[in-house]
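Spelled out, the chains give:
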Amino acid sequence: MGSYITFPELLIWLPLLAGIICFFAKKEHAAKSIAILFSLILLGISATSLFYTDAKYINWNAVNYFYPNNIGNTFYVALDGTGRLLTFLTALAFPIILLATSKNSYKNPSSFYGLMLLSQAGLMGVFCSMDALLFYFFWELALIPVYFLCSRWGGEKRIQATFKFFVYTFGGSLLMLIGIIYVYLHTPERFFEDGTHAAHSFALNYFYRAQLSAGDQNWLFWLFFAAFAVKMPVFPFHTWQPDTYDQSPTSVTMVLSGVMVKMGLFGVIRWLIPLFPLAAERYSHLVITLAIIGIIYASCIALVQDNLKKLVAYSSIAHIGLMCASLFAMNQISFQGVMLQMFNHGINIIGLWIVIDLIEKKTGVKNISQLSGIAHKAPVLTIMLVIMALANIALPLTNAFPGEFLMFTGLYMFNPWYGAIAAVGIILAAVYTLKMIQRVFYGDSNAITDQVTDISFFQKLVLGIIVCLIFLIGVYPQPVIDLTKDAAVALIGRTK
Amino acid sequence: MNAIILSAVWGIVMMFSAVFIKSKTVPKYLALLGIGLIFLVNALELYKGWLIIDMNVKDMIRTNSFNLAFIAVAVGCTAFYFLLSGRDVEKVGPHVAEYFALIFFSVCGVAISATFNTLLFLFLGIEIMSIPLYILTGSEKGNLKSNEAALKYFLMGTFSTGIMLMGIAFLYGGTPNASFFINNLQIGTGQMTPMIVTGMLMLIVSMSFKVSAAPFHFWTPDVYDGAPTVFTSFMSTIVKVAGFFAFLRLFENSFGSMHSHWQKLIVFITVSTLLIGNITAIFQQSVKRMLAYSSIAQAGFMLLALFAMNEKAREGLVLYAAAYSLATIGLFAILIKMNDFTIEGFNGLSQRQPILAFTATVFLLSLTGIPLTAGFQSKFYMLIGAVENGHHFWVVIVAVIFAAISAYYYFRIIQAIYFKEPAKEEVSFVWDITIPFKIMLVLTAVLIVVTGIYPEWIIGWLYF
Amino acid sequence: MNNVLQIAWLLPILPLLGFIINGLGRNILSKAISGLVGCLVVFASFLLSVFIFIEVKNGNSQVVHYFDFLNVDLLKIAFAFKFDPLSSLFLLIITGVGFLIHVYSTSYMHGEPDKDFAKYFAYLNLFIFSMLLLVMGANYVVMFIGWEGVGLCSYLLIGYWFRINDYTNAANKAFIMNRIGDLGFLIAVFWLIAKTGTVEFDQVFSAATIAKLSATDITGITLLLFVGATGKSAQIPLYTWLPDAMAGPTPVSALIHAATMVTAGIYMIARSNILYTMAPVTQGVVAMVGLATAVLAATIALKQNDIKKVLAYSTVSQLGYMFLALGVGAYTGAVFHVMTHAFFKALLFLGAGSVIHAMGGEQDMRNMGGLKKYMRTTHLTFLLGCLAIAGIPPFSGFFSKDEILAAAYVHNPVLWVIGVITAVMTAFYMFRLYGMTFLGKFRGSHEQEHHLHESPAAITFPLIILAILAVVGGWIGVPKIFVHGGHRLEAFLEPVFRESNAITTKHEITHATEYMLMGVSVAGALIALIYAWRRYGKYQQIETSPKGITKILENKWYVDEIYNSTIVQPLRSLSGFFNNIIERKGIDGLVNGTGKLVNYGSRQLRWLQSGQVGAYVLLMVLGILILFIIQLFL
Amino acid sequence: MDIKAYLVLSLTLFTIGIIGVLVRRNAIIIFMCVELMLNAVNLLLVAFSKMHALSTAVKTSAAYAADAQIFVFFIMVVAAAEVSVGLAIIVMLYRNTHSVDVNFLNRLKN
Amino acid sequence: MNITTLAFILLSVMAVGSAIMMLLSKSPVHSILWLIVVFFAISGHYVLLNAQFLAVVNIIVYAGAIMVLFLFVVMLMNLNADTEPVKNYRMQLIGVISGGALLLVILSAVMKMDIQQPVQMKVGDQGLISNLGKTLFTNYVIPFEISSVLFLSAMIGAVVIGKKD
């Protein structure tokens, strides 16, 4: 390995390959097993890559295909702290999602699984790419399969909802494209191995060396932020999210909320803050204020949500808002907290979606008001959900606690008031989560929930894995934190 | 030069073939042969500088790798056009060979307007390009729409020709050394004389008309809608991009030094074109008409080349020519197979014709400008150019916002293809869809994707 | 390193083990086994804590570090346990009382189906586990882990009968109120980190660190910590959850909502006593709040008819006492009262439980009476408990309460007066309860009367043990005016409060005054006691609609209603506003509005395309004109 | 003679042509107006050629002056070609709809 | 006020006047006749400018061939009557106004120019047939060749469109 093929390449090409294979699979179980098999292999690879973080394995973790062109971009992919963690999250999320996808729930499944894997490839690319143009490529490519998945297999209002989502993100990323171009035109000249040279370059390290005045940074910041803010989403760019989560098939919702929203945060970490440290400094208060408004706002709406999926969607908005806020607190504690929390949030929310999907499948409704007393019909399901929910409200010894603790600490160090106000969110989170548990699971079962049966062994297994992860990281988060140390330090270095 | 001569000659060949060949299918193969030859000789000229006849053109036509490469692109697209829609040309009317002959003459005009070096040849090129189109537009004699379109096109076309000639006259009068050579108008770097301004302005108007840029675009929807679909496909792609190339060539060589003086005109035209094209396209129900408006919208993006007028923009224009033409030709080729041109006609295409559905999606994504398609690369180059140019930055923002809006109507078709249930009656296709046709579609799609991944294979030619 | 402390990590692990066994095996384990497991693990940890206690008593108190919980940048949070007199004492109380209550539960919860039975014990073990974490944690974060853990367990146990909606409501209320407190706790921790960069007790309390903190910092931090305490220990304004928490099974009320969890606040403040000593403002606040709570709860308790509610309010009031003690700097007194209170309040709850058990779930005292002759053990132990809480010498309550009152008097006589009044009220309502329950003649239905019987050994055994403790428990803290050096507890806890004591200026009070104080309070208590005995000894049900102050008291000063209308409703309507107006109409409306606008524009622009050549040419000409104007005049 | 006179004249003719295109509805007349526009251009070109013939800049090569008139010649050529095509289209239209009124051409709109 | 100027004015008035008449006359036939008058006037201008070749060609091609073609077509359709029964006066007014505005704008733009270069009248040999012929067949032979393509396509057009089938 190493000299032949590198981790990032494997991470990108394998799912792509698998996806294309899946398209030609005739039977469902064939397609599904291919998908699961490949995603498990990928998980293995990604897990292995966690043990090769050391600098001396650089040519295992980074590759830079040069091909002659006159705009100076190369196929430059590499794994660094954040990217490694998020690729691992992606690699971890997909097997779980695919396993949780119950049989023949989607018509013509082969293309369904194919598209799923394609989106995985796109995500991997986003997290690996070290070249702005490449990054933009993958940024869009991750979107397209998801668009098709949502509007093909979603609920009845899927087309409008998904299209709203698409236009939102597409517009945002086009603005980012302009920003990329502008920065590109200010990068120094680049000389290639073969003697040819380009006037500018898209490579990350060249972008870091771009000559940008403070004035430029101030508006470039917003061009980039538009794309990331929509993706996260930050208040007030969030209205696509609840509808989309509600309408799209749950497997896709898991991808969206578990992994895809991290793209926005990742973008901020990898591109926004390092490229425009001055502007980031300057606008940090504005962004944090927005994010905190988002936290309170989303939590309040979650209080009165009757639709289970929308409730989770809004709670996710609140969580992302917190991450965004503490990203812009810009100290190492908050950075590492965010990086840790991105991973945790991915796991928790996927678990939450699995359970909610099960409930919807078993009862056929997703309105809290119609559900009641599932607890004594399906105790295991209940326990699982309660654990997920508690992780969602960051109870100690669940994985979310260390992350949120660090984030709040960082935010508080940046400015006590932000920390304090943002922390109100944890109360609201407790309120709506417990209300949801009470309404759905406690009390006496009604006509709808009478026939509910408990979950199968297989589902127990899948959820069990997630629960184990939750507690594992909750009790001993340090290894994950260490993984992101270098990245955070480097980031701090850029901002200073 | 080779392309000009051979296409003219081959037009005559086609014309006479009508006398000897009675079969309806043979002319297509003859035309394919011809276009292949033209591509070949043009390529030879590009690589080796080899000429069919070495005549002294008195510098009235100037060939360099750049415009030869463009001719190669145009001819290549024409070849794809023949391969995809050749069989549909036969469906239009009895005079198949004549249709092909006209197309060849039009290609001759394309070649001229890509290489002209004097206003005379600009004029001739544009005319040679357009007059066959008037005829082709009206070639469906029984169809009133076709007639109407032809008349409208003709009247307004000649009108714009008049404007253009007036402009040329003013330029001639305005230049101190009476000359029609575009690079010899000797426009100083100072303020332009009123005559020059007037002349240039009238040229802008007439060229904008040819490339259907607002507010001179009004003929476009009607003509594209009325003309036989197969010819709409031709005139909305190859001819239009040729017009753009001529536009760019003229203004770069003659008024390039005064760019800052007339850039605001281009800004006005660009923005209004983007606005009208995109906004009006949204509400269209007929896909054919929608594509007409989308061609206007794309024109707005191509105008960025004139707005920027730098190296990247020039490359971008050629890329755009290829990307836009291929995608549109492909779409029209699929559209012809439909028996109703409304968007509902596409409902559930994916279930009946997966290959068509897939390729159509690729074409639409390319037109929208999604990465990995040629469409993205061309837009990307345009944007680089436009940003590099530095003035009127807001135009770029407007452009991308409209690019986002354009997704709205392109994706309506995609939604129809994939997410809507097919209409009950299964006979939604007039003509059978042959295997070669599918293969060609896939080939086109592949080409688009390849260009999207590695556009340098086209750009490389420009600096051969 | 000593081998007992080496295996100290077993202490929390054992209950956790019990939790896991009972939790996973709840479908297969029989009642006997799960009960046995539940009790055994707690008993084991009790033994362990006894050893640890001895170890610590031999002056070997230390911090045992296990692994880094969080280690980021300069912030290092260790997962470490601290063994010192304070924690070891609490360990004893928790595991000891905990064990007794486990035993009690085996019989009390016997009616439950197997799996629920196992679930119950699992929760109980989990509670012990978190409580141990809370107490042993060597820094605020580990403490917070336990802190929220116990909150979770109380939530789970209050909502144990989750099919009844009121119960789950109570559970939610408890958890959310605790969360509000926890928020204060958390922010205090952030503040600490921001200022000092550490949360380890030893470092925080070291003079060097405290030097880093300004007076404002200390006041702020301590106040915020106190907010946490009010949540956990049910003080004003966050006390209302505790009475509702009586929805849970009675042993739970005894363990969590009387003996252990609710004292966490006191433990935490005692733990960070040095900070509080250095923040007189906070101390004042703590004392005030504590006293206010004591009075308020006591007044409410006067008019409650639900036997458990009375006990609950008395708990709140007693906790208020403890905070008063903390407020006036009598940390030892507070801890002392925690211990004694743990004994007699657990005893009282368990007794009440035994009564309820006998009455077949009946909790309204108006339907009881005359149980004396049916259940002797219960009656006797209960009486002892009442005497203890009423502060009648020589029962344990007397000593602790007296110590607190004395300290209050030293600090400010007014506090003392109010304290005494509260004590009197306590004596009154406790004996009102006693009288209504055990004296007079039975007022319940007949089948209840047939059903009446003394509870089995598993119930009476803990009662007896606790009764003994309630009697003798106070003797480790005999004030020096009786026996010199009689206050062994003070001596034992001295190292913990050394710095505080060093700072606070102790002005001794004369023996005479002290006797006088004792006399007054005891006398008051006795009078109230006898009055209540006489009055409620022959209590008859008289149907009179309550009016005036009585009505207010029966409705608990309408506090719940006030909270509901001032906090809950506004929040709900705000959310509704956000959801319906801003989200739907505002933001989404804007987004969709843009789409609509584009569509509209599209529909309008189409009319430009009129189809008329003349019009087209005209528009072209106008276009030319515009271009000319732009070029020439702009 | 001053060139301005010729400018005014031919621009007037040109504008008359444009106005004709605007106001008349008979396709043939419109077409004729376009022809008028072309003639106006021709006139202007010839005038310019004669102007340049005197101008010092191009005295050296009298050929340049001829260019304009050649150009006029080509314009006539093109005009002739256009006329044949245009009239053919008009006749075809007349065959189908017995009218040459452009205002009746509104099957294609919006 | 010499004879040249006089002729110029005369011809100009004639051209403009008959152009307007072409515009105003109802019957297409009259319009065509008026247009022929305009062409004659323009040819007169050519003569005045000593562009003999163009003068001749103008008469032959335009006044002769093209106009006659028009005349034939009109006759063929016998459009001698008024072909525009319903008048749209508003449209006409707008048309005239905008056209006039265009004229004014262009003139105002062009008249600012500083060329005092007179136009050579009656003399000068560029316009002579021999000269033009020489230029045409030396410098301009290629455009000449290529313009044949136009006629070819026009021819085909006649076939494709005109031919009845």
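Everything discussed here concerns the structure shown above.
Numbering of residues begins from 1 in every chain and follows the order in which that chain's sequence is written. Chain labels run from A onward and ligand labels from 1 onward, assigned in the order the entries are written. In view of the model being predicted, local features appear only for residues whose pLDDT reaches at least 70, and side-chain atom pairs are presented and counted only at 80 or more, with totals across whole chains, interfaces and linings using the full set of residues. In computing side-chain values, all of the structure's heavy atoms are included and hydrogens and water are not.

(A) Examining helix α6 (residues 144-174) of chain B more closely. Counted at 1.5 Å a residue, the expected span for α6 of chain B with its 31 residues is 45 Å, and the 45 Å between its end C-alpha atoms agrees. Nitrogen and oxygen atoms within 3.5 Å of one another constitute a polar contact, given that in protein one can donate a hydrogen and the other can accept it, and given that sequence-neighbouring residues count only through two side-chain atoms. Going along the chain from the N terminus, every DSSP run of H or I of four or more residues is numbered as a helix, and every run of E of two or more is numbered as a strand. Here α6 of chain B starts with a cap whose side-chain oxygen sits 2.8 Å from the backbone nitrogen of K145 of chain B, and that cap is N143 of chain B. Helices are assigned an expected span. That span is 1.5 Å times one less than the residue count.

(B) Molecular detail of the side chain of S147 of chain E. With respect to the helices and strands, S147 of chain E occurs in helix α6 (residues 141-162). Partly exposed describes any residue whose relative accessible area lies between the buried limit of under 20% and the exposed limit of over 50%, with all areas from a 1.4 Å probe on protein chains only and scaled to the type maximum. With a relative accessible area of 4%, S147 of chain E lands in the buried category. Separated by 2.6 Å, the side chain of S147 of chain E and the backbone oxygen of F144 of chain E make a polar contact. Any pair of residues with heavy atoms lying within 4.5 Å of one another is described as a contacting pair. Beyond its immediate stretch of four places on either side in the chain, S147 of chain E contacts L124 of chain B together with F74 and V77 of chain D.

(C) Expanded view of the packing of helix α5 (residues 119-137) of chain B against α6 of chain B. Residues and elements named next belong to chain B. Angular values range over 0 to 180 degrees, each being the angle between N-to-C directions of two axes fitted as lines to C-alpha atoms, with helices fitted over their stretch in contact. Their axes nearest at 9 Å, the elements α5 and α6 cross at an angle of 175°. Between α5 and α6, the angle is such that the two are roughly antiparallel. Along its contact with α5, which presents L119, L122, F123, I126, E127, L133, Y134 and T137, the element α6 presents S146, A149, A150, Y153, F154, G157, T158, T161, M164, L165, I168 and L171. Each residue is assigned to one of three groups, with Ala, Val, Leu, Ile, Met, Phe, Trp, Tyr, Cys and Pro labelled nonpolar, Asp, Glu, Lys and Arg labelled charged, and all others, Gly among them, labelled polar. Here the residues of the contact of α5 with α6 sort into 14 nonpolar, 5 polar and 1 charged. Relative orientations are named as follows: roughly parallel for angles under 35 degrees, roughly antiparallel for angles over 145 degrees, roughly perpendicular for angles from 65 to 115 degrees, and oblique for any other angle.

(D) Highlighting the pairing of strand β2 (residues 75-83) of chain C. Residues and elements named next belong to chain C. By the criterion of burial, β2 is predominantly enclosed, with 8 of the 9 residues buried. When DSSP finds two or more bridges between a pair of strands, those strands are recorded as paired. Two elements, strand β1 (residues 62-72) and β2, share 9 bridges in a ladder whose sense is antiparallel. Directly across from H65, in β2, lies its bridge partner A80. Hairpin remark: β1 followed by β2, antiparallel, with 2 residues in the connecting loop; positive phi at D73, about 50°.

(E) Spatial organisation of empty space enclosed by the protein. Residues and elements named next belong to chain A. Buried and open spaces are told apart on a 1 Å grid over the protein atoms alone, a cavity being a set of points where a 1.4 Å probe fits but cannot get out and a pocket being an open set with protein on both sides within 12 Å along at least five of seven lines. Residues with an atom within 4 Å of a point are the lining residues. Grid points are joined across faces, edges and corners, and a volume is the space filled by probe spheres set on the points. Scanning all chains against the criterion turns up 13 cavities of 30 Å³ or more. Mapped by element, the contributors of at least two residues to the lining of the largest cavity are α12 (277-304), α13 (308-327), α16 (400-414) and α17 (416-441). Tallying contributions element by element places α17 first for the lining of the largest cavity, with 5 residues. The residue inventory of the lining of the largest cavity, partitioned by class, reads 9 nonpolar, 5 polar and 1 charged.

(F) How the structure looks around the interface of chain C and chain B. Of the residues lining the interface, 25 residues belong to chain C; the matching set on chain B comes to 31 residues. Simply put, the buried area is the total loss of 1.4 Å probe accessible area from both parts when two parts are fitted together. Together, M620, L627 and Q631 of chain C form the three largest contributors to the area buried by chain C at its contact with chain B, with a combined 26%. Salt bridge, as used here, is a side-chain nitrogen of Lys or Arg placed within 4 Å of a carboxyl oxygen of Asp or Glu. At the junction of chain C and chain B, the tally comes to 0 salt bridges. In this assembly, chain C and chain B are joined by 6 residue pairs in polar contact (both at pLDDT 80 or more). Of all elements in the fold, only α26 (559-605) and α27 (613-633) of chain C reach the threshold of two or more residues within the side of chain C that touches chain B. A breakdown of the residues in the side of chain C that touches chain B according to their chemical character gives 16 nonpolar, 7 polar and 2 charged.

(G) Representation of the state of the cysteines in the model. In what follows, a disulfide is any cysteine sulfur pair within 2.5 Å. A full pass over the atoms with the stated rule returns 0 disulfides over all chains. This cysteine, C324 of chain A, is not joined by any disulfide, and C300 of chain A carries the nearest cysteine sulfur, 19 Å off. Given a relative accessible area of 0%, C324 of chain A falls into the buried group. Not engaged in a disulfide, the cysteine C153 of chain C finds its nearest cysteine sulfur in C39 of chain C; these two sulfurs lie 17 Å apart. According to the relative accessible area criterion, C153 of chain C is buried, its value standing at 0%.

(H) Representation of the arrangement of the chains. Most contacts, compared over the 8 pairs of chains touching, are made between chains D and E. Separated without contact, chain A and chain D have their nearest C-alpha atoms at a distance of 26 Å. Between chain A and chain E there is no contact, and the shortest C-alpha to C-alpha separation is 38 Å.

(I) How the structure looks around the environment of I288 of chain A. All names here are of chain A. Tracing the backbone through its elements, the reader meets I288 in helix α12. For I288 and A488, which are 200 residues apart along the polypeptide, the C-alpha to C-alpha distance reads 19 Å. Setting aside residues no more than four positions away along its own chain, I288 makes contact with A325, F328, A329, L411, F414 and Y418.

(J) Inspection of the environment of I359 of chain A at higher detail. Residues and elements named next belong to chain A. Summarising the element assignment, I359 is placed in helix α14 (residues 332-363). By relative accessible area, I359 is classed as buried at 2%. If we skip the residues at most four places from it in the chain, I359 touches L308, G364, L371, I374, L381, V440 and F441.

(K) Main features of unusual backbone geometry. In this structure, the amide linkage connecting A214 of chain B to the following residue, P215 of chain B, adopts the cis form with an omega of -5°. With an omega of 0°, the peptide bond between P393 of chain C and P394 of chain C qualifies as cis. Mapped onto the elements, P394 of chain C comes out in the loop between α18 (376-390) and α19 (396-411). With a phi angle near 60°, D59 of chain B is a residue other than glycine that sits in the positive phi range. Tracing the backbone through its elements, the reader meets D59 of chain B in the loop between α2 (26-48) and α3 (65-92). For Y558 of chain C, which is not glycine, the phi torsion reads 55° and is therefore positive. Position of Y558 of chain C among the secondary structure elements: in the loop between α25 (548-554) and α26.

(L) The nonpolar core, seen in detail. Nonpolar core, defined: a set of buried Ala, Val, Leu, Ile, Met, Phe, Trp, Tyr and Cys residues in which side-chain atoms within 4.5 Å join the residues together. Among the nonpolar cores identified, the biggest contains 792 residues, and F228 of chain A, F251 and W262 of chain B together with Y140 of chain C are the most heavily contacted of them. The element best represented in this core is helix α3 (residues 62-96) of chain D, accounting for 23 residues. Sequence-distant contacts of Y140 of chain C, defined by excluding residues within four places in its chain, comprise F185, V189, L192, V199, F201, F205, L225, S272 and L275 of chain C.

(M) Here's a closer look at a nonpolar patch on the surface. Residues and elements named next belong to chain B. Together, L33, L37, L40, L44, W50, I52, I53 and M55 make up an exposed nonpolar region whose accessible area comes to about 650 Å². Structurally, L44 can be placed in helix α2. When its relative accessible area of 31% is taken as the criterion, L44 is described as partly exposed. Surface patches are drawn from residues lacking salt bridges whose relative accessible area is over 30%; two like charges belong together within 9 Å, two nonpolar side chains (Val, Leu, Ile, Met, Phe, Trp, Tyr) within 5 Å. Working definition of accessibility: Shrake-Rupley area with a 1.4 Å probe, residue cover restricted to the visible protein chains.

(N) Expanded view of the packing of aromatic side chains. Ring geometry is summarised as follows: Phe, Tyr and Trp rings, the Trp one being its six-membered ring, pair when their centres sit within 6.5 Å, and such pairs are stacked at plane angles under 30 degrees, edge-to-face over 60 and tilted between the two. In the structure shown here, the tally under the stated rule is 124 aromatic pairs over all chains. For the ring pair F405 of chain A and F190 of chain C, a centre distance of 5.7 Å and an interplane angle of 55° mean the geometry is tilted. Of the two residues, F405 of chain A is situated in helix α16 and F190 of chain C in helix α7 (residues 165-196); the pairing between them involves two chains. Each of the two residues, F405 of chain A as well as F190 of chain C, counts as buried. Relative to F180 of chain B, the ring of Y172 of chain B lies with its centre 4.6 Å away and its plane at 10°, an arrangement referred to as stacked. Considered together, Y172 of chain B and F180 of chain B belong to a single accessibility category, that of buried residues. Its guanidinium or amino end placed over the ring of F66 of chain B, R314 of chain B lies 5.8 Å from that ring's centre, counting from NZ or CZ. Any Lys NZ or Arg CZ that is within 6 Å of a ring centre and within 35 degrees of that ring's normal is treated as a charge sitting over the ring. Positioned above the aromatic ring of W607 of chain C is the side chain of R606 of chain C, whose terminal nitrogen or guanidinium carbon lies 5.3 Å from the ring centre.

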